[in-house]
Structure formats: structure tokens, C-alpha cells
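Residue-level listing of the chains:
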Amino acid sequence: QVQLVESGGGLVQAGGSLRLSCAASGSIFSINAMGWYRQAPGKQRELVAAITSGGSTNYADSVKGRFTISRDNAKNTVYLQMNSLKPEDTAVYYCNADIRTYYSGSHGYWGQGTQVTVSS
């Protein structure tokens, strides 16, 4: 069994910063890509940023230059540093990871989500 536990969401004023963390635990053999998605009310879930096991990154155009994704492979943890936050960044942020366990092949797993609210 695998769990992804997120932390670090909250309420911040426009222009402020937040750092999200997502730790994976369980019967993990290896973790491939990890990423952050977000879903605002009435909108579809969208990719915010992703990072491969080798450290290559990919960002949504709307967050380029403001958000930074990183990971600590020894801790099975992915981070999202969010700077210069805007009200339009308000959403529930979800962690996603492509994980291979000791008893099965690779599958995508989701965290429970953490709320980020940016006030104007």
C-alpha cells in the first residue's frame, strides 16, 4: 500500500509565498515522475509542475518563473515552492507520483489535496 501525504497549504496574500510538500510512503520500490496538479472551483484539474527521477522539470506556462518543483529521492518527497502568488493560483493542490511497488508494476497515486488560497 502506498500513501502520499501533502502539507504546506494555507491562506496567503497576493505576492506572498508558500511551500508545499508531499511525502510518499509504503511498499515503494522506485518512484518515477512526481508532480503537482491543481483544481480550482468549477475548473478541470490541471498540471502545475512535474519532475522526473533524474531531475528534469516541466511547468505550466502560468507558473513559469514563479514556482519551482524539486524532490528529495532519499525521502521520497516532492516540493513545490510558490512565489509571487496571485489570486488565480487559488485551488486545491494535489500531489501525484508514478510509483512502482514491491508487489506490482508502476501506478499513478494521488495525495488527498491541500488548499491554497491567495487573497487580493
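Asks: Could you give me a rundown of the sheet that holds strand β7 (residues 67–72), with the residues and numbers involved?
Replies: As a general point, the strands of a sheet are linked pairwise by backbone hydrogen bonds and lie either parallel or antiparallel. Strand order in the open sheet formed by four strands is β1-β3-β8-β7, and the pairing between neighbours is antiparallel. Because the sheet does not close on itself, it has two edges, and the strands there are β1 (2–7) and β7. Along the sheet, successive strands turn relative to each other by an average axial angle of 15°, direction set aside. As judged from the six bridges shared by β1 and strand β3 (residues 18–26), these two strands associate in the antiparallel manner. Opposite Val-5, over in β3, you have Ala-23 as the bridge partner.

Asks: Tell me what's going on with the pattern of salt bridges, and back it up with residues and numbers.
Replies: Following the criterion strictly, the structure yields four salt bridges and no others. Where Arg-38 meets Asp-89, a salt bridge forms, and the shortest distance between an N and an O atom there is 3.0 Å. Separated by 51 residues along the polypeptide, Arg-38 in strand β4 (residues 28–39) and Asp-89 in the loop between β8 (77–82) and β9 (91–101) bring together distant segments of the chain. The salt bridge involving Arg-66 is made with Asp-89; its shortest N-O contact spans 2.8 Å. Remark: Asp-89 occurs in the loop between β8 and β9 and Arg-66 occurs in the loop between β6 (57–59) and β7; sequence separation between them is 23 residues. Residue classification places Asp-89 among the buried residues on the basis of a relative accessible area of 1%. Here the salt bridges share partners, and the residues they tie into one network are Arg-38, Glu-46, Arg-66 and Asp-89.

Conventions used here
- Within each chain, residue numbers correspond to sequence positions counted from 1 in written order.
- Selection of residues for local features in this predicted model requires a pLDDT of at least 70, selection of side-chain atom pairs for listing and counting requires 80 or more, and totals for whole chains, interfaces and linings are taken over all residues.
- To get the side-chain values, take all heavy atoms of the structure and skip hydrogens and water.
- Only when DSSP finds a minimum of two bridges between them are two strands counted as paired.
- Segments assigned H or I by DSSP are reported as helices when at least four residues long, segments assigned E as strands when at least two residues long, and all are numbered from the N terminus.
- Helix axes use the C-alpha atoms of the stretch in contact, all axes being lines fitted to C-alpha atoms, and the angles between their N-to-C directions lie in the range 0 to 180 degrees.
- For salt bridges, the criterion is a side-chain nitrogen of Lys or Arg within 4 Å of an Asp or Glu carboxyl oxygen.
- Three labels apply to residues, based on accessible area from a 1.4 Å probe with only protein chains included: buried if under 20% of the type maximum, exposed if over 50%, partly exposed otherwise in between.

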